[in-house]
There are 2 protein chains.
Amino acid sequence: MNLASLPTPAALIDVARMQRNITRMQQRMDALGVRFRPHVKTTKCNEVVQAQLQAGASGITVSTLKEAEQFFAAGISDIVYAVGMAPTKLGQALALRRQGCNLKIVADSVVCAEAIVAFGQAQEECFDVWIEIDVDGHRSGIAPEDATLLAVGNVLHAGGMRIGGVIAHAGSSYDYDNDEALIAVAEQERAGCVRAAERLREAGLPCDVVSIGSTPTALRAEHLRGVTEVRAGVYAMFDLVMHNVGVNTMYEIALSVLTTVIGHQPEKGWAIVDAGWMAMSRDRGTQGRKHDFGYGQVCTEEGQVLEGYLMSGANQEHGILSRQGTPDAQIAEHLPIGTRLRILPNHACATGAQHQHYHAIAADGSVATWPRFNGW
Amino acid sequence: MNLASLPTPAALIDVARMQRNITRMQQRMDALGVRFRPHVKTTKCNEVVQAQLQAGASGITVSTLKEAEQFFAAGISDIVYAVGMAPTKLGQALALRRQGCNLKIVADSVVCAEAIVAFGQAQEECFDVWIEIDVDGHRSGIAPEDATLLAVGNVLHAGGMRIGGVIAHAGSSYDYDNDEALIAVAEQERAGCVRAAERLREAGLPCDVVSIGSTPTALRAEHLRGVTEVRAGVYAMFDLVMHNVGVNTMYEIALSVLTTVIGHQPEKGWAIVDAGWMAMSRDRGTQGRKHDFGYGQVCTEEGQVLEGYLMSGANQEHGILSRQGTPDAQIAEHLPIGTRLRILPNHACATGAQHQHYHAIAADGSVATWPRFNGW
């Protein structure tokens, strides 16, 4: 199997780029003196995760309990499930812990903490619970100075659960596109989460772990004093959203979608390809940002960026490629039927999720099939 | 298994609604005197497709050769692959035909027609080729009056292939929201495709089938003179995009995503749920339309629409629910942690593709698991 023989559409991983991305992040975390816990939701792929662990990562972060189950079955035990615990999922979490998985769960409300305590006591299980901190108003979590923080801590502690630490994610960092703003939001993430840990400790509650992270803040933080570990996911692949944020070049994006030209509308300057949103995802994360890449950046089959050519439209199994600005009246000659191209994605997590396996292209041109999974 | 015991997130099909949608379309096609060939890309689910055939459909439309393979294995032989044929996929199409599948393929250029002829002659296979017609400038196809139409027809015919017919899809119909415009685009689709067939016949070329269709035009066409068959897919489920177009009420939408409330940000009026874009898809098809539903319309677990409550934001496994206009300061009381809700999707094809199976809820409350597939 080689690149030229792959059927299209197909999700490709450039293994050399992936390895460089993984090494870059791990070296940075080592230099900053923190543990690194990759978020595996980006790829849900054991080969990628093994490369992350090989590089020095400590444990993993998951977005579903299915990820926890799959990666525990693959031999990984130190897992944090970084989504607020639904009380109805406690049985599934318990089953993992009873099998020996060192699973950590997350809470950000008294109601949730009480449900964990009630279930834990009934099952005689001391859950390891991390309290979610809201550092930027992005989504979930308790603000560092909010009274709820100690209330949740007290419920867990008095109820016999283990408060393992605090956990924050500066999701708003995706909205910035200059280093000054990224450095500021990284510091806000660090300071807010450290402050929450201090408040818990001042109240006599345990709080060993201070866990923060997002790809942009991890790559731009000036220091991480008080932090014990960082989480990030998309950095292993990178994508056009992260390129807009300013943390990677186009030639560092390790994920792309291989496609074939199947037709043209020459008077419009369109080439039609066999990758639509089913292969790219519907993610339009660069819309309204520094540079709108449509559904993706067009590259040659070998990966050379075709400057100005984007997937400007997508239906389920059709993509429309066009040149920005002046339409390319000769597009049928430039990209004839049968031409194979790579499309760089807006969002590696969303594009990966449209596929059941990756085709991993090694530096020597050999191709391996790396399965991934989806679902819950 | 019943609704209350399903883990979340989960894709639900309301079977009674689905059956009514299927019956409505089939009765309309019967009244208009045309065959109906459902597009199975919406659900990729054998149980749904069997219900469509049971109601009177003749054959199916597919968007990938994998769909053709899967449904041929399930006993369906009359299949049109409605995406322009990539020359490299001809071997896969040949294999299906050699197994007895009555597969029709599509071409819209001389280059593609020549590739089909060359491959067909080399393999001694008379492919059944439908010529794609562009009726609205939406995507692929040859304009009805374009000289290319006869050129493609002549290449196929002289090369010993069978010209089975012409095929058009008025994809632009999704952009309208009033009946007058829909009736006009439906007539444009019909007239353009019929005209292309007439031109082929006038040139002495065969053209038995005149195949058109999209859910909006199928439901709004005033007559279908000269048309032999109609294709449509999303009508079986319907969705919020189609609701904006004006062809279904919210209570006719058969697909929804079941989710659980896992937290709140009360001062913002947010409830956080365990369905994010991984469960809903990234499709924002109602953005910029008559009514923007965000990532979906919130309903109770039983399916009652909660007027004004939308999934206003989505991360991978987190959805943010909020009330439009004035935030709901009591959202934590109205939708406490553990509350189960259904979310109606923007786009049934995209949301379905995020799941590996549907949970089909029958009128008596019983739940069946209906597998679907993805990939190529």
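In this text, all values refer to a predicted model and were calculated from it rather than measured experimentally.

A. Representation of the overall build of chain A within the structure. The helix and strand inventory of chain A stands at twelve helices and 17 strands. Expected size for 376 residues packed as a compact globule is a radius of gyration near 21 Å; at 22 Å, chain A falls within 12% of this value. Across the 376 residues of chain A, 63% fall into the buried class. Looking at chain A alone, contacts between residues at least 24 apart form 68% of all its contacts between residues at least 6 apart. Split by element, the accessible area of chain A, about 12,500 Å² in all, is 50% carbon and sulfur.

B. Looking closely at the packing of aromatic side chains. Residue and element names in this part refer to chain A. Taken as a whole and judged by the stated rule, the model has six aromatic pairs over all chains. Measuring from centroid to centroid gives 5.3 Å for Phe36 and Tyr235, while their planes differ by 80°, and the two rings are edge-to-face. Taken together, the residues Phe36 in strand S2 (residues 35-36) and Tyr235 in the loop between strand S9 (229-230) and helix H9 (240-245) connect sequence positions 199 residues apart. Phe36 sits in the buried class, given a relative accessible area of 1%.

C. Region of interest: helix H5 (residues 110-123) of chain A. Residue and element names in this part refer to chain A. For H5, built from 14 residues, the straight-helix expectation of 20 Å at 1.5 Å per residue is met to within 8% by its first-to-last C-alpha distance of 20 Å. Within the span of H5, buried status applies to Cys112, Ala113, Ile116, Val117 and Gly120. End-on, the buried residues of H5 take up no more than an arc of 135°, which puts them together on one face. Check the buried side of H5 and you find it contacts helix H4 (90-98), strand S5 (102-107), strand S6 (128-133) and helix H6 (147-158). One or two steps after H5, the chain reaches Glu124, where phi turns positive at roughly 55°.

D. Quick peek at the pattern of salt bridges. Here the structure, examined in full by the defined rule, presents 42 salt bridges over all chains. Across the salt bridge formed by Asp179 of chain A and Arg220 of chain A, the nearest N and O atoms sit 2.9 Å from each other. Of this pair, Asp179 of chain A sits in helix H7 (residues 179-202) while Arg220 of chain A is found in helix H8 (residues 215-220), placing the two residues 41 residues apart along the sequence. According to the relative accessible area criterion, Asp179 of chain A is partly exposed, its value standing at 39%. Exposure remark for Arg220 of chain A: the relative accessible area of 18% places this residue in the buried category. Measuring nitrogen to oxygen at the nearest pair gives 3.1 Å for the salt bridge that ties Asp208 of chain B to Arg162 of chain B. On the criterion of sequence distance, the pair formed by Asp208 of chain B in the loop between helix H7 (179-202) and strand S8 (209-212) and Arg162 of chain B in strand S7 (residues 162-168) is long-range, its members being 46 residues apart. Bridged by salt links that share partners, the residues Arg35, Arg37, Asp78, Lys104 and Glu229 of chain A form one connected network.

E. A look at the sheet that holds strand S9 (residues 229-230) of chain B. Residue and element names in this part refer to chain B. Read across the open sheet, the eight strands follow the order S2-S9-S8-S7-S6-S5-S4-S3; overall the sheet is parallel. The open sheet has two edge strands, strand S2 (35-36) and strand S3 (60-62), and neither has a second partner. In this structure, S8 lies alongside S9, joined through two bridges in parallel fashion. Of the residues in S9, the one forming a bridge with Ser211 is Glu229. Helix H4 (residues 90-98) contacts strand S5 (102-107) and strand S6 (128-133) of the sheet and is inclined by roughly 155° relative to S5.

F. Structural view of the interface of chain B and chain A. Each side of the interface is counted separately: chain B has 53 residues, and chain A has 52 residues. Buried surface at the junction of chain B and chain A, summed over both partners, amounts to about 4,300 Å²; 53% is from carbon and sulfur atoms. One can count four salt bridges joining chain B with chain A. A salt bridge links Arg282 of chain A to Asp283 of chain B, with the shortest nitrogen-to-oxygen separation between them at 2.6 Å. Our count for the chain B to chain A interface comes out at 20 residue pairs in polar contact (both at pLDDT 80 or more). Listing elements by their share of the side of chain B that touches chain A, those giving two or more residues are strand S4 (78-84), helix H5 (110-123), strand S10 (255-265), strand S11 (270-273), helix H10 (277-280) and helix H12 (348-352) of chain B. With four residues, the single largest contributor to the side of chain B that touches chain A is S10 of chain B. Here the residues of the side of chain B that touches chain A sort into 19 nonpolar, 22 polar and twelve charged.

G. Region of interest: the sheet that holds S5 of chain A. If you walk across this open sheet you meet the eight strands as S2-S9-S8-S7-S6-S5-S4-S3 (chain A), and the pairing is parallel. The sheet is open, and its two borders are formed by S2 and strand S3 (60-62) of chain A, each paired with just one other strand.

H. Just the relation of the copies chain B and chain A, in detail. Rotating chain B by 180° and translating it 0.0 Å along the rotation axis places it on chain A, where the RMSD comes to 0.0 Å. Viewed as a symmetry operation, the transformation between the two copies matches a two-fold axis. Relative to the rotation axis, the closest C-alpha in chain B is found at Arg282 of chain B, a distance of 2.5 Å.

I. Examining the side chain of Ser140 of chain B more closely. For Ser140 of chain B, the position within the fold is in the loop between S6 and helix H6 (147-158). Taking the relative accessible area as the measure of exposure, Ser140 of chain B reaches 8% and is therefore buried. Leaving out residues up to four positions away in the same chain, Ser140 of chain B has contacts with Gln265, Ile272 and His318 of chain A together with Asp108, Glu132, Ile133 and Asp134 of chain B.

J. Seen up close, unusual backbone geometry. The amide bond that connects Thr8 of chain A to the next residue, Pro9 of chain A, takes the cis arrangement and shows omega of -5°. Turning to its location among the elements, Pro9 of chain A is positioned in the segment before strand S1 (10-14). Here Glu124 of chain A, not a glycine, exhibits a phi torsion of approximately 55°, which is positive. Non-glycine residue Phe238 of chain B carries a positive phi angle of around 60°. Relative to the helices and strands, Phe238 of chain B resides in the loop between S9 and helix H9 (240-245). Since its relative accessible area comes to 1%, Phe238 of chain B is described here as buried.

K. Representation of the side chain of Gln354 of chain B within the structure. Mapped onto the fold, Gln354 of chain B is located in the loop between H12 and strand S16 (357-361). A residue is classified by how much of its surface remains accessible, and Gln354 of chain B, at 10% relative accessible area, is buried. Within the structure, the side chain of Gln354 of chain B is placed 3.1 Å from the backbone oxygen of Met278 of chain B, a separation counted as a polar contact. Discounting residues that sit within four places of it in the chain, Gln354 of chain B has contacts with Gln354 and Trp376 of chain A together with Trp277, Met278, Ala279, Met280 and Ser281 of chain B.

L. Examining the packing of helix H3 (residues 65-73) of chain B against H4 of chain B more closely. All names here are of chain B. Contact pair H3 / H4: the axes reach a minimum separation of 11 Å and the direction vectors enclose 15°. Classified by the interaxial angle, the pair formed by H3 and H4 is roughly parallel. Here H3 and H4 pass one another in a crossing that is left-handed. Residues Leu65, Lys66, Ala68, Glu69 and Phe72 of H3 touch H4, and the partners they reach there are Gln92, Ala93 and Leu96. Residue classes in the contact of H3 with H4 are distributed as five nonpolar, one polar and two charged.

M. Structural view of the packing of H5 of chain B against H6 of chain B. Residue and element names in this part refer to chain B. The N-to-C vectors of H5 and H6 enclose an angle of 5°; their axes lie 9 Å apart at closest approach. By the criterion of interaxial angle, the relationship of H5 to H6 is roughly parallel. Counting all contacts with H5, which are made through Val110, Ala113, Glu114 and Val117, the residues of H6 involved are Thr148, Ala151, Val152, Val155 and Leu156. Each residue belonging to the contact of H5 with H6 can be placed in one class, and the counts come to seven nonpolar, one polar and one charged.

N. Structural detail: the environment of Asn21 of chain A. All names here are of chain A. Inspection of the secondary structure assignment puts Asn21 in helix H1 (residues 15-32). Considering only alpha carbons, one finds Asn21 and Met237, 216 residues apart in sequence, at a separation of 7.2 Å. Beyond its immediate chain neighbours, meaning those up to four positions away, Asn21 contacts Tyr235, Ala236, Met237, Phe238, Glu252 and Ala254.

Parameters and conventions
Residues numbered from 1 in each chain as written. Chains lettered and ligands numbered in written order. Predicted model: local features only at pLDDT ≥ 70, side-chain atom pairs only at ≥ 80, totals over all residues. Heavy atoms only, no water. Helix = DSSP H or I, 4+ residues; strand = E, 2+ residues; numbered from the N terminus. Rg over C-alpha atoms; globule rule 2.2 N^0.38 Å. Buried < 20%, exposed > 50% of the residue type's maximum accessible area, 1.4 Å probe, protein only. Contact = heavy atoms within 4.5 Å. Areas by Shrake-Rupley, 256 points an atom, 1.4 Å probe, with all protein chains shown as cover. Phe/Tyr/Trp six-rings, centres within 6.5 Å; stacked < 30°, edge-to-face > 60°. Expected span 1.5 Å × (residues − 1). Arc of directions from axis to C-beta. Salt bridge = Lys/Arg side-chain N within 4 Å of Asp/Glu carboxyl O. Pairing = 2+ DSSP bridges. Axes fitted to C-alpha atoms, helices over the stretch in contact; angles between N-to-C directions. Buried area = accessible area lost by both parts, 1.4 Å probe. Polar contact = N/O pair within 3.5 Å; in protein donor to acceptor, adjacent residues only side chain to side chain. Nonpolar A, V, L, I, M, F, W, Y, C, P; charged D, E, K, R; others polar. Least-squares fit on C-alpha atoms with pLDDT ≥ 70 in both. Parallel < 35°, antiparallel > 145°, perpendicular 65-115°, else oblique. Left-handed = near helix turned anticlockwise from the far one by under 90°.

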